[in-house]
Amino acid sequence: MIRRLLLALFVLLLAPAVQAQDLARETAKVEDLRSIREIKRLQALWGHMAIAGDWKGMAGLGAEEVRMVLANGDAVGRPALEHWLRERMGKGEDGIPPGRLNLRLYISPVITLAPDGQSATGRWHHIALLGEEGTSAEWIGT
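An account of the accompanying structure is given in this report. The shown structure was predicted, so the numbers you read here are calculated from the model rather than taken from an experiment.

Rules and cut-offs
Residues numbered from 1 in each chain as written. Predicted model: local features only at pLDDT ≥ 70, side-chain atom pairs only at ≥ 80, totals over all residues. Heavy atoms only, no water. Helix = DSSP H or I, 4+ residues; strand = E, 2+ residues; numbered from the N terminus. Buried < 20%, exposed > 50% of the residue type's maximum accessible area, 1.4 Å probe, protein only. Contact = heavy atoms within 4.5 Å. Areas by Shrake-Rupley, 256 points an atom, 1.4 Å probe, with all protein chains shown as cover. Salt bridge = Lys/Arg side-chain N within 4 Å of Asp/Glu carboxyl O. Polar contact = N/O pair within 3.5 Å; in protein donor to acceptor, adjacent residues only side chain to side chain. Expected span 1.5 Å × (residues − 1). Arc of directions from axis to C-beta. Pairing = 2+ DSSP bridges. Axes fitted to C-alpha atoms, helices over the stretch in contact; angles between N-to-C directions. Core = buried A, V, L, I, M, F, W, Y, C linked by side-chain atoms within 4.5 Å.

## Examining the overall build of the protein
Alright, step 1. Scanning the protein from terminus to terminus reveals three helices and five strands.
Alright, step 2. In the protein, the order of α-helices and β-strands from amino to carboxyl end is α-α-β-β-α-β-β-β.
Alright, step 3. A buried classification covers 23% of the 142 residues belonging to the protein.
Alright, step 4. Within the protein, counting contacts between residues at least 6 apart in sequence, those at least 24 apart form 39% of the total.
Alright, step 5. Carbon and sulfur atoms make up 61% of the accessible area of the protein, which amounts to about 10,200 Å² in all.

In structure tokens, the structure reads:
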């Protein structure tokens, strides 16, 4: 009888600690979901800036040490990313000149948060409709 009372007392004393752990776990899940939503919002902003040819703005969305993993060598840091965007997407020019089509769609995002919740990795499929009036028209998909 005394053992049962002591066990019941122990369980009652332990219950707030267990509830606090559950609350902390649920709070962390909500923070993770919020982080993923913010990353997807940044991805949408990236797409809008790409359509406008705002290479500097696109590079500015990343951290100072941003790394874009590319097939022929990564672009590391904002200046390198801006240069790559300008050369690859802008044909070496700032902005999109009149008569040029630069529609870029970023779809199927996959976001992976680091266990510490301080960084993330994202990847998307990229479809581009490109063209220049009277000269060319093409689709690109990656």
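## Quick notes on the pattern of salt bridges
Alright, step 1. With the rule as written, the count across this model stands at nine salt bridges.
Alright, step 2. Linking Glu82 and Lys56 is a salt bridge whose minimum nitrogen-to-oxygen distance equals 4.0 Å. In this pair, Glu82 is assigned in helix α3 (residues 78-89) and Lys56 in helix α2 (residues 55-60), connecting sequence segments 26 residues apart.
Alright, step 3. For Glu82, a relative accessible area of 14% corresponds to the buried category.
Alright, step 4. For Lys56, a relative accessible area of 58% puts it in the exposed group.
Alright, step 5. Close ionic contact of Glu93 with Arg100 constitutes a salt bridge, the shortest N to O distance being 3.5 Å.
Alright, step 6. Of the residues examined, Glu93 reaches a relative accessible area of 33% and is grouped as partly exposed.
Alright, step 7. Judged by relative accessible area, Arg100 falls into the buried class, the value being 14%.

## Observations regarding the side chain of His126
Alright, step 1. Secondary-structure assignment places His126 in strand β4 (residues 120-132).
Alright, step 2. A polar atom in the side chain of His126 sits 3.2 Å from the side chain of Arg104.
Alright, step 3. Once residues within four sequence positions are removed from consideration, His126 is found in contact with Arg104, Leu105, Tyr106, Ile140, Gly141 and Thr142.

## Let's talk about α3
Alright, step 1. Here α3 spans 16 Å end to end across twelve residues, near enough to the 16 Å set by a 1.5 Å rise per residue.
Alright, step 2. Those residues of α3 that fall on the buried side of the exposure criterion are Leu81, Glu82, Leu85, Arg86 and Met89. Down the axis of α3, the buried set is contained in an arc of 130 degrees. They therefore lie on one face.

## Considerations on the sheet that holds strand β5 (residues 136-141)
Alright, step 1. Strand order in the open sheet formed by three strands is β3-β4-β5, with antiparallel pairing between adjacent strands. Unpaired on one side and paired on the other, β3 (100-113) and β5 mark the two borders of the sheet. If you compare each strand with its neighbour and ignore which way they point, the axes differ by 15 degrees on average.
Alright, step 2. Pairing analysis gives twelve bridges linking β3 to β4, with the strands arranged antiparallel. Within the sheet, the bridge partner assigned to Arg104 lies in β4 and is Ala128.

## Structural notes on the nonpolar core
Alright, step 1. Trp46, Trp55, Met58, Leu81, Leu85, Met89 and Tyr106 are the most contacted members of the largest nonpolar core, which has 13 residues in total.
Alright, step 2. If you list the elements that add at least two residues to this core, you get α1 (2-52), α2 and α3.

## A closer look at the pairing of β4
One face of the sheet, then the other: side chains in a regular strand alternate in exactly this way.
Alright, step 1. Adjacent in sequence and paired antiparallel, β3 and β4 are bridged by six residues, among which Gly117 carries a positive phi angle near 75 degrees.
Alright, step 2. Note: β4 against β5, six bridges, orientation antiparallel. When the sheet's bridge partners are listed, Glu132 is paired in β5 with Ser136.

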